[in-house]
Amino acid sequence: MQTIPLSNSPIPSIRGSVAPLLGGLIEFRRDLHSHPELSHKEFRTTDRIVEALEDAGLAPKRLENTGVVVDIGDGPIRLAVRADIDALPVLEETGLPYASENTGIAHACGHDIHTTVMLGVAMVLAGFEAAGELGGRVRVIFQPAEEVMPGGALSVIEQGALDGVPRVLALHCDPRVDVGQVGTRIGAITSASDTIRIELTGRGGHTSRPHLTEDLVFALAEIAVSVPAVLSRRIDVRSGVSVVWGQMHAGSAPNAIPGHGFMAGTMRCLDAEAWHAAGELLDKVVREIAAPFGVDVNLQHTRGVPPVINADAEISLIEAAARAELGEDAVVLAPQSMGGEDFAWMTQAVPGALMRLGTRSPGGETFDLHRGDYNPDERAISCGVSVMAAAALRAARGLRH
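Residues numbered from 1 in each chain as written. Predicted model: local features only at pLDDT ≥ 70, side-chain atom pairs only at ≥ 80, totals over all residues. Heavy atoms only, no water.

### Re helix α7 (residues 272–290)
(1) Moving on: Counted at 1.5 Å a residue, the expected span for α7 with its 19 residues is 27 Å, and the 28 Å between its end C-alpha atoms agrees.
(2) Moving on: Where α7 bends most, at Leu 281, the angle is about 35°.
(3) Moving on: Those residues of α7 not exposed but buried are Ala 274, Trp 275, Ala 278, Gly 279, Leu 281, Leu 282, Val 285, Val 286, Ile 289 and Ala 290.
(4) Moving on: Looking at the buried side of α7, the elements it contacts are β8 (192–201), α6 (216–234), β12 (260–269), β13 (296–305) and α9 (344–349).
(5) Moving on: The opening residue of α7 is Asp 271, an N-cap whose side-chain oxygen sits 3.1 Å from the backbone nitrogen of Glu 273. (Helix = DSSP H or I, 4+ residues; strand = E, 2+ residues; numbered from the N terminus. Expected span 1.5 Å × (residues − 1). Bend = angle between axes of the 7 residues up to and from the residue. Buried < 20%, exposed > 50% of the residue type's maximum accessible area, 1.4 Å probe, protein only. Contact = heavy atoms within 4.5 Å. Polar contact = N/O pair within 3.5 Å; in protein donor to acceptor, adjacent residues only side chain to side chain.)

The following block contains the structure:
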């Protein structure tokens, strides 16, 4: 795929320069889509990214195991942009001619779109650099393993991907927003996300004589109801702390109180300080609720990711680029999501922002992420490249927004 030299305008439009690249980018995306790879196993994906970047005249650097970093331009780094490259253990149900060839694995969260957009950004910026018009250095990060906790972003940061980076941007497909629009929000746009597993053991027995047992089924039920209630009264409700159980199991007979049972779920929160406070409080609350039943408690609280906190200046940068490239009405308010996103580790390290990229065909079906039939409108690729490349150009030329 070729790079395109661009104009000498102070902030030229990007969209016209993206058009000649779209055929190759769509072909690249469909190839990734048909060959999805799970977290930490994105070997072919990494090879394809490196190949495409080298074809564009760039010098990508492979990260340990999987993932890629490439710099465009010279001088101090002005901005980094990040894409996640892994797929999900989901059976694809789209029926597309380029559907997944790897049974039980699918790009059901749009990471193939993310990767393709950032490849396009790198190619567009390479065109500016070749014409001597970039003005500064931009780093593009292709990050593995977003779909597992605590996320591949931590490893990427440890390998120096953010060294010297003053600000960082990312995007995520949003099937609730039309193509041609982007969603933005200052502050928390995603939630902290932890997993919780509680195992109870006790003296079982006959259901006719519960007073001779340690009734852990009753204890599990109390914990399931009371933990969310207590946390909602001990943590500021504006932080959005939410505990929801997804698993509960105990016993095998209706007339026998078992000696072992467990429950598991997630704890989510929109405020980083409250996230830490709720985690410290959780163990105490669980044990206090379980204490009257005499059961033994084993609590496994696995920290996931903090919330993504969008900084004001970085949101302004994205919004200015989006309005310039897609029109004044292109920016919509993104709702807060209770989903987790490991880009949060990057926004904790440097100021940054996550943009929602509209992938719904206007008037078409509204999908959901992590669904096997998720089928984003590929016109979103052009929109994503245009906005992210324009934002990167503004940053490379020293503009705050």
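### Thoughts on the environment of Asp 74
(1) Moving on: Among the secondary structure elements, Asp 74 is positioned in the loop between β2 (68–72) and β3 (77–84).
(2) Moving on: As a C-alpha pair, Asp 74 and Gly 135 span 61 residues in sequence and 8.0 Å in three-dimensional space.

### Describing the side chain of Ser 193
(1) Moving on: Looking at where Ser 193 falls in the secondary structure, it is placed in strand β8.
(2) Moving on: Note on Ser 193: relative accessible area 8%, which makes it buried.
(3) Moving on: When residues no more than four places from it in sequence are discounted, the contact partners of Ser 193 are Met 149, Met 267, Arg 268, Arg 303, Gly 304, Val 305 and Gly 340.

### Considerations on the side chain of Asp 112
(1) Moving on: The residue Asp 112 is located in helix α4 (residues 111–130) in this model.
(2) Moving on: Residue Asp 112 is classed as buried on the basis of its relative accessible area, which comes to 0%.

### Remarks on the sheet that holds strand β10 (residues 242–250)
(1) Moving on: Strands sit in the order β10-β12-β8-β13 across an open sheet of four strands; the sheet is antiparallel. With one partner strand each, in any of the chains shown, β10 and β13 form the two edges of the open sheet. Within this sheet the neighbouring strands show an average axis-to-axis angle of 15°, counted without direction.
(2) Moving on: Sheet analysis places β8 next to β12, joined by 10 bridges and oriented antiparallel. In the sheet register, Arg 197 faces β12, and the bridge partner there is Ala 264.
(3) Moving on: With respect to the sheet, α6 is in contact with β8, β10 and β12, its orientation differing from that of β10 by roughly 175°. (Pairing = 2+ DSSP bridges. Axes fitted to C-alpha atoms, helices over the stretch in contact; angles between N-to-C directions.)

### Brief notes about the nonpolar core
(1) Moving on: With 65 residues, the main nonpolar core has Leu 53, Met 118, Val 121, Phe 142, Leu 169, Leu 357 and Met 388 as its most contacted residues.
(2) Moving on: Considering each element in turn, this core owes the most residues, 13 residues, to helix α10 (residues 379–396).
(3) Moving on: The contact partners of Val 121, leaving out residues within four places of it in the chain, are Val 81, Val 385, Met 388 and Ala 389.
(4) Moving on: Listed in part, the 51 residues of the second largest apolar core include Ile 141, Ala 192, Ile 289 and Ala 334. (Core = buried A, V, L, I, M, F, W, Y, C linked by side-chain atoms within 4.5 Å.)

### Details of the packing of aromatic side chains
(1) Moving on: On inspection of all chains with the given rule, the structure shows two aromatic pairs.
(2) Moving on: With 5.5 Å between their ring centres and 40° between their planes, Phe 218 and Phe 293 make a pair best called tilted. Placement of the pair is Phe 218 in helix α6 and Phe 293 in the loop between α7 and β13, with a sequence separation of 75 residues.
(3) Moving on: Relative to Tyr 374, the ring of Phe 367 has its centre 6.1 Å away and its plane inclined at 65°; by these criteria the two rings are edge-to-face.
(4) Moving on: For Arg 197, the ring lying beneath its charged end belongs to Phe 262, and the centroid distance is 4.0 Å.
(5) Moving on: Lying across the ring of Trp 275, Arg 303 places its NZ or CZ 4.6 Å from the centre. (Phe/Tyr/Trp six-rings, centres within 6.5 Å; stacked < 30°, edge-to-face > 60°. Lys NZ or Arg CZ within 6 Å of the ring centre and 35° of its normal.)

### What to know about the environment of Gly 240
(1) Moving on: Note on placement: Gly 240 falls in the loop between α6 and β10.
(2) Moving on: C-alpha of Gly 240 to C-alpha of Ala 274: the two residues are 34 residues apart in sequence and 8.9 Å apart in space.
(3) Moving on: With residues up to four places along the chain from it excluded, the contact list for Gly 240 reads Arg 268, Cys 269, Leu 270 and Met 338.

### Observations regarding the sheet that holds strand β16 (residues 352–360)
(1) Moving on: Sheet architecture is open: eight strands sit in the order β1-β2-β4-β3-β5-β16-β6-β15, paired in mixed fashion. Strands with a single pairing partner mark the edges of an open sheet, and in this sheet they are β1 (61–62) and β15 (331–333).
(2) Moving on: Pairing of strand β6 (residues 182–184) with β15, which is carried by three bridges, proceeds in the parallel orientation. Bridging across to β15, Gly 183 finds its partner in Val 332.
(3) Moving on: The strands touched by α4 within the sheet are β2, β3, β4 (137–143), β5 (168–178) and β16, with β3 carrying the most contacts at an inclination of about 150°.
(4) Moving on: In the packing of α10 onto the sheet, the strands contacted are β3, β4, β5 and β16, and the crossing angle to β16 comes to about 155°.

### Describing the pattern of salt bridges
(1) Moving on: Enumeration over the complete set of coordinates arrives at 23 salt bridges.
(2) Moving on: Here Asp 71 makes a salt bridge to Arg 139, at a shortest N to O gap of 2.7 Å. With Asp 71 in strand β2 and Arg 139 in strand β4, this pair connects stretches of sequence that are 68 residues apart.
(3) Moving on: In this structure Arg 139 comes out as buried when scored by relative accessible area, which is 10%.
(4) Moving on: A salt bridge links Glu 341 to Arg 82; the shortest N-O distance between them is 2.8 Å. Highlighted residues: Glu 341 in the loop between β15 and α9 and Arg 82 in strand β3, separated in sequence by 259 residues.
(5) Moving on: Taking the relative accessible area as the measure of exposure, Glu 341 reaches 3% and is therefore buried.
(6) Moving on: Overall, Arg 82 belongs to the buried group, its relative accessible area being 1%.
(7) Moving on: A single network of salt bridges, built from pairs that share partners, joins Arg 29, Arg 30, Asp 112 and Glu 378. (Salt bridge = Lys/Arg side-chain N within 4 Å of Asp/Glu carboxyl O.)

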